[in-house]
Amino acid sequence: LYLTHLSICIADFQHRFVSLLAYQFSEYLPTTALRVLHERKDGRGVKALTGDELSTYFSHHDLERLEQYSRRLVDYLLIMDLVPTVARLYFMRRLDFSLTYVQKAVLLGMGLQHKSIDKLEKEIDLPEGQLKGLFNRVICKVIQEFTKVRTSAIEKELPTPSRVAILQPTAETMDEALESAAAEVKTKQRKEQAELLKSLDLNK
């Protein structure tokens, strides 16, 4: 009971801290904020997104923009409006993939603290090009996770094996019906041919 209550308190603290990183705690170094979020493990696992939830957070166009950036077809500025949502989902344990410590710091700084690349360059002590490379790899993992969520949602809508098995007898019945119809046509043809031959004999 104590551990359950403790887990609830930690989860509540993390939720509030993540929200406040854009306000009072935005002046924290990303590495400092990261230590606050991850210095203790409460045993909670990832609660993966569903397809419906993904559609709620991101439109089809949003997902296209993220994918275009992951392929380096557009600049990172085109997706900055989506990064806070991505970062929040990751740090609230709704995305099931791992990041390096520096990648987490970059995502936290850009997504939760709304810091520019220039400011992170000074705070994390990495050159701009390397920070952009790290950020791109983060978004690549995000796209892979979103693709997995969408694929899973589509698979759930497909017929199950049991349902397919139920449909199979119907397919066999249709084959039998076709064979029966073909037999009736042949019988009718024979009857017409017999009547034609009979009429020819009467005319002689």
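Preceding this section is the structure that the text describes.
Everything in this summary refers to the structure shown in the same document. (Residues numbered from 1 in each chain as written. Predicted model: local features only at pLDDT ≥ 70, side-chain atom pairs only at ≥ 80, totals over all residues. Heavy atoms only, no water.)

**So, the overall build of the protein**
Of regular secondary structure, the protein possesses nine helices and zero strands. In the protein, the succession of helices and strands from N to C terminus is α-α-α-α-α-α-α-α-α. A total of 204 residues make up the protein; the buried ones form 32% of that total. Considering only contacts within the protein whose residues lie at least 6 apart along the sequence, 70% involve residues at least 24 apart. Total accessible area on the protein is roughly 13,700 Å²; 57% of this is exposed by carbon and sulfur atoms. (Helix = DSSP H or I, 4+ residues; strand = E, 2+ residues; numbered from the N terminus. Buried < 20%, exposed > 50% of the residue type's maximum accessible area, 1.4 Å probe, protein only. Contact = heavy atoms within 4.5 Å. Areas by Shrake-Rupley, 256 points an atom, 1.4 Å probe, with all protein chains shown as cover.)

**Here's the deal with the packing of aromatic side chains**
Using the criterion set out here, one finds nine aromatic pairs in the structure. Summarising the aromatic geometry, the rings of F17 and Y28 are spaced 6.4 Å apart at their centres and angled 50 degrees between planes, so their arrangement reads as tilted. Separated by eleven residues along the polypeptide, F17 in helix α1 (residues 2-20) and Y28 in the loop between α1 and α2 (30-38) bring together distant segments of the chain. Plain terms: the ring middles of Y90 and F97 are 5.3 Å apart, the flat faces sit at 35 degrees to each other, and that makes the pair tilted. Taken individually, Y90 and F97 each receive the classification buried, so the pair is uniform in this respect. An aromatic cluster is present here, built from F13, F17, F25 and Y28 joined pairwise through their rings. (Phe/Tyr/Trp six-rings, centres within 6.5 Å; stacked < 30°, edge-to-face > 60°.)

**Side note on α2**
Looking only at α2, the buried set comprises P30, A33, L34 and L37. Along the axis of α2, the buried residues cluster in a sector spanning 105 degrees; they form a single face. (Arc of directions from axis to C-beta.)

**Observations concerning the nonpolar core**
With 44 residues, the main nonpolar core has F58, L66, F91, L107, L108, F135 and F146 as its most contacted residues. Counting residues per element, the ones that place at least two in this core are α1, α2, α4 (60-70), α5 (83-91), α6 (101-112), α7 (117-125) and α8 (128-157). Take this core: its biggest share by element is nine residues, from α8. Among residues more than four places away in sequence, those in contact with F91 are V18, L34, L37, H38, K104, L107, L108 and L112. (Core = buried A, V, L, I, M, F, W, Y, C linked by side-chain atoms within 4.5 Å.)

**Focus on the side chain of R65**
Looking at the element boundaries, R65 is found in helix α4. Separated by 2.7 Å, the side chains of R65 and D62 make a polar contact. Dropping the residues within four chain positions of it, R65 is found in contact with V74, L78, I79, D81 and L82. (Polar contact = N/O pair within 3.5 Å; in protein donor to acceptor, adjacent residues only side chain to side chain.)

**Some words on the environment of Q103**
Here Q103 shows up in helix α6. Overall, the relative accessible area of 5% leaves Q103 in the buried class. Each C-alpha atom of the pair Q103 and F135 lies 6.8 Å from the other, and the pair is 32 residues apart in sequence. Among residues more than four places away in sequence, those in contact with Q103 are L134, R137, V138 and K141.

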